[in-house]
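Structural overview
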Amino acid sequence: MKKEKVVLAYSGGLDTSVILKWLVNKGYEVIAYVGNVGQQEDFDAVEKKAYATGASKVYVCDLRHDLVTDYVFPAMKANAIYEGTYMLGTSLARPIIAQKQIEIAKAEGTNIVAHGATGKGNDQVRFEFGYYMHMPDVKIIAPWKDPEWLSTFEGRTDLINYAKANNIPIKVTAKKPYSEDENLIHISHEAGILEDPSKECPEDVYSLTVSPKSAPDAYTYLTFTFQDGTPVKVVNEQDGTTVTDPLEMLLYLNKVGHDNGIGRVDMVENRYIGIKSRGVYETPGCTILWKAHHNLEGITMDKEAMHLRDMLSPIYANLIYNGYWHAPDFNMLTALFEQSQKHVTGTSKVRLYKGNVDFAGVESPCSLYNQDLGSMDKAGGYHPVDCKGFININALRLIASAKRDGLVL
């Protein structure tokens, strides 16, 4: 009898290694899929481990370039930041992983996929929404929501024992006191010692950024060139380093961001399923990029267009966080944000210093800024007397409300 194929999102860690063997033991042909989104990993070793654990085939897919151009850049154009603080590093990486997994499933002639996300987190939602949007008839195996799995594996000890019993190669090391997820956008730190929000995050938790206290006591100037909202070049004004490739640009920004202690965030956030959780994030490169881009928008975007975009940005951030990338409302907003960037062209210089990204000048051939008009020393063609009628007309509703509320003497 021919075995059913299942495509498993595989990382090589304890959980997905046990899931792989568990699926094999249940009679499935398991195809392991590894998405390279910039995590620091020995992908050759992960591939070998998947085969050793029972996979019939292993896909290792480099998704990094598309992650930058098709996910990071659109989020930047929308100025998408979840709850005003979190720059969506994990959220942005999940939809591209899910989409590629479905592409592999279609190529392999199956509609069965599996993942190892827990039943308390956001990733289960993001992965499964992504599956449904790209394969409506998909069948999903999610062990951490499966009664049979949960009755067998209560925690890490059970997983280790199963791995040993099934000759799954594992490294027996002390578990970190917190959970981490890394990609080229950021690294997240959660759980363990971070679950008490009354306690300060220990310095040894951070790995992608030096402490701002230890960062150089000198400015680093970066000049970005944008074309219709898309960054096309960054130049380090100190050493002349110039980067134009999108992926290499973000990797370079991560490096200079690391060196200057940029992009640390410590917050209690609201997960989609309703649980509050504390997350510590390091997002060095994108923090710099978001700020440089937003500074250029200041002189190139129409006032009302910018205000409308900024009102919609939190909605877009929520959609990304909650796993709705490619949903109809998400696609509508994406088109709107893309339209908003038509004239965000020019250069934006930022100054990095001990955890800060400061404005250092913007220029644009599409600038709406009129220096004479904005000057405190020149009229610049502006007629202050015009404001008398402007104020009188706009005050009419305020006067009417004040009279209604009995505020007039």
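Check the entry above for the structure.
Residues numbered from 1 in each chain as written. Predicted model: local features only at pLDDT ≥ 70, side-chain atom pairs only at ≥ 80, totals over all residues. Heavy atoms only, no water.

**Observations concerning the overall build of the chain**
- Secondary structure summary: the chain contains 13 helices and 14 strands in total.
- In terms of overall dimensions, the chain has a C-alpha envelope of 85 × 60 × 45 Å along the principal axes.
- For the chain, buried positions account for 46% of its 409 residues.
- Accessible surface for the chain amounts to roughly 20,500 Å². Of this, 54% is attributable to carbon and sulfur atoms.
- For the chain, the distance from the average position of its 42 positive side-chain charges to the average position of its 51 negative side-chain charges is 2 Å. (Helix = DSSP H or I, 4+ residues; strand = E, 2+ residues; numbered from the N terminus. Buried < 20%, exposed > 50% of the residue type's maximum accessible area, 1.4 Å probe, protein only. Areas by Shrake-Rupley, 256 points an atom, 1.4 Å probe, with all protein chains shown as cover. Lys, Arg positive; Asp, Glu negative; His and termini not counted. Charge placed at Lys NZ, Arg CZ, Asp CG, Glu CD.)

**With respect to helix α9 (residues 284-300)**
- Here α9 is 17 residues long and its end C-alpha atoms lie 25 Å apart, about the 24 Å a rise of 1.5 Å per residue gives.
- Most of α9 is tucked away, with 14 of its 17 residues classed as buried. (Expected span 1.5 Å × (residues − 1).)

**Some points on the side chain of Thr300**
- With respect to the helices and strands, the residue Thr300 is situated in helix α9.
- Judged by relative accessible area, Thr300 falls into the buried class, the value being 6%.
- Within the structure, the side chain of Thr300 is placed 3.0 Å from the backbone oxygen of Leu296, a separation counted as a polar contact.
- Each residue touching Thr300, except ones within four places of it in the same chain, is listed here: His343, Val344, Thr345, Ser364, Cys366 and Leu368. (Polar contact = N/O pair within 3.5 Å; in protein donor to acceptor, adjacent residues only side chain to side chain. Contact = heavy atoms within 4.5 Å.)

**A short note on the packing of helix α3 (residues 64-77) against helix α4 (residues 89-107)**
- Close contact between α3 and α4 brings their axes to 10 Å; oriented N to C, the two are set at 140 degrees. Between α3 and α4, the angle is such that the two are oblique. Once α3 is placed against α4, the crossing between them reads as right-handed. Contact with α3, carried on its side by Asp66, Leu67, Tyr71 and Ala75, involves Leu92, Ala93, Pro95, Ile96 and Gln99 of α4 and no other residues of that element.
- Among the residues forming the contact of α3 with α4, the class breakdown is seven nonpolar, one polar and one charged. (Axes fitted to C-alpha atoms, helices over the stretch in contact; angles between N-to-C directions. Parallel < 35°, antiparallel > 145°, perpendicular 65-115°, else oblique. Left-handed = near helix turned anticlockwise from the far one by under 90°. Nonpolar A, V, L, I, M, F, W, Y, C, P; charged D, E, K, R; others polar.)

**Here we look at the sheet that holds strand β12 (residues 276-282)**
- Spatial ordering of the open sheet is given by β6-β7-β12-β11, a layout of four strands whose pairing is antiparallel. Sheet topology places β6 (179-182) and β11 (264-270) at the edges, where each strand pairs with a single neighbour. Going across the sheet, the axis of each strand differs from the next one's by a mean of 25 degrees, ignoring polarity.
- As defined by bridge partners, β6 adjoins strand β7 (residues 187-190) across four bridges and the pair is classed as antiparallel. Residue pairing in the sheet places Ser179 in a bridge with Glu190 of β7. (Pairing = 2+ DSSP bridges.)

**Notes on the sheet that holds strand β4 (residues 112-114)**
- Overall, parallel pairing links the five strands, which are arranged β3-β2-β1-β4-β5 in an open sheet. Taken across any chain shown, the strands that pair with only one partner, and hence form the sheet edges, are β3 (57-62) and β5 (139-141). Taking the axes of each pair of neighbouring strands and ignoring which way they run, one obtains an average angle of 25 degrees across the sheet.
- Sheet analysis places strand β1 (residues 5-9) next to β4, joined by two bridges and oriented parallel. Bridging across to β4, Val7 finds its partner in Val113.
- Where helix α2 (residues 43-53) meets the sheet, its contacts fall on β2 (29-36) and β3, and the angle it forms with β3 comes to roughly 160 degrees.

**A word on the pairing of strand β13 (residues 346-353)**
- Residues Gly346, Ser348, Val350 and Leu352 point to one face of β13 and are all buried, whereas Thr347, Lys349, Arg351 and Tyr353, pointing to the other face, are not buried.
- As paired strands, strand β8 (residues 220-227) and β13 are joined by seven bridges and run antiparallel to one another. Opposite Phe226, over in β13, you have Gly346 as the bridge partner.
- By the bridge criterion, six bridges tie β13 to strand β14 (residues 356-363) in an arrangement that is antiparallel. For Val350, the partnering residue across the bridge sits in β14 and is Phe359.

**Observations regarding the pattern of salt bridges**
- Under the definition given, this model contains 19 salt bridges.
- When the shortest N-O distance is used, the salt bridge between Lys100 and Glu103 registers 3.5 Å. A residue pair is termed a helical-turn pair when its members lie 3 or 4 positions apart in one helix, as Lys100 and Glu103 do in helix α4 at three residues.
- Where Asp123 meets Arg126, a salt bridge forms, and the shortest distance between an N and an O atom there is 2.9 Å. (Salt bridge = Lys/Arg side-chain N within 4 Å of Asp/Glu carboxyl O.)

**Regarding the packing of aromatic side chains**
- According to the stated counting rule, one finds 17 aromatic pairs in the structure shown.
- Where Trp22 meets Trp149, the ring centres are 5.1 Å apart and the plane angle is 80 degrees; that geometry is what we call edge-to-face. In this pair, Trp22 is assigned in helix α1 (residues 14-25) and Trp149 in helix α6 (residues 147-152), connecting sequence segments 127 residues apart. Pair check on accessibility: Trp22 and Trp149 agree, each one buried.
- Aromatic pair Tyr219 and Tyr353: ring centres 5.2 Å apart, planes at 70 degrees, arrangement edge-to-face. Pair noted here: Tyr219 is in the loop between β7 and β8 and Tyr353 is in strand β13, with a separation of 134 residues, a long-range link.
- Residue class for Tyr219 comes out partly exposed when judged on its relative accessible area of 41%.
- The class of Tyr353 is partly exposed, set by a relative accessible area of 24%.
- Each member of the aromatic cluster is reached from another via a ring pair, and the members are Trp22, Trp144, Trp149, Phe153 and Tyr162.
- A cation sits over an aromatic face here: Arg264 above Tyr206, 3.7 Å from the ring centre. (Phe/Tyr/Trp six-rings, centres within 6.5 Å; stacked < 30°, edge-to-face > 60°. Lys NZ or Arg CZ within 6 Å of the ring centre and 35° of its normal.)

**Observations concerning the nonpolar core**
- Leu88, Leu222, Phe224, Leu253, Ile288 and Ile320 are the most contacted members of the largest nonpolar core, which has 75 residues in total.
- Here this core gets eight residues from one element, more than from any other, and that element is α4.
- Counting 28 residues, the second largest nonpolar core, distinct from the first, contains Val18, Val34, Val46 and Ile141. (Core = buried A, V, L, I, M, F, W, Y, C linked by side-chain atoms within 4.5 Å.)

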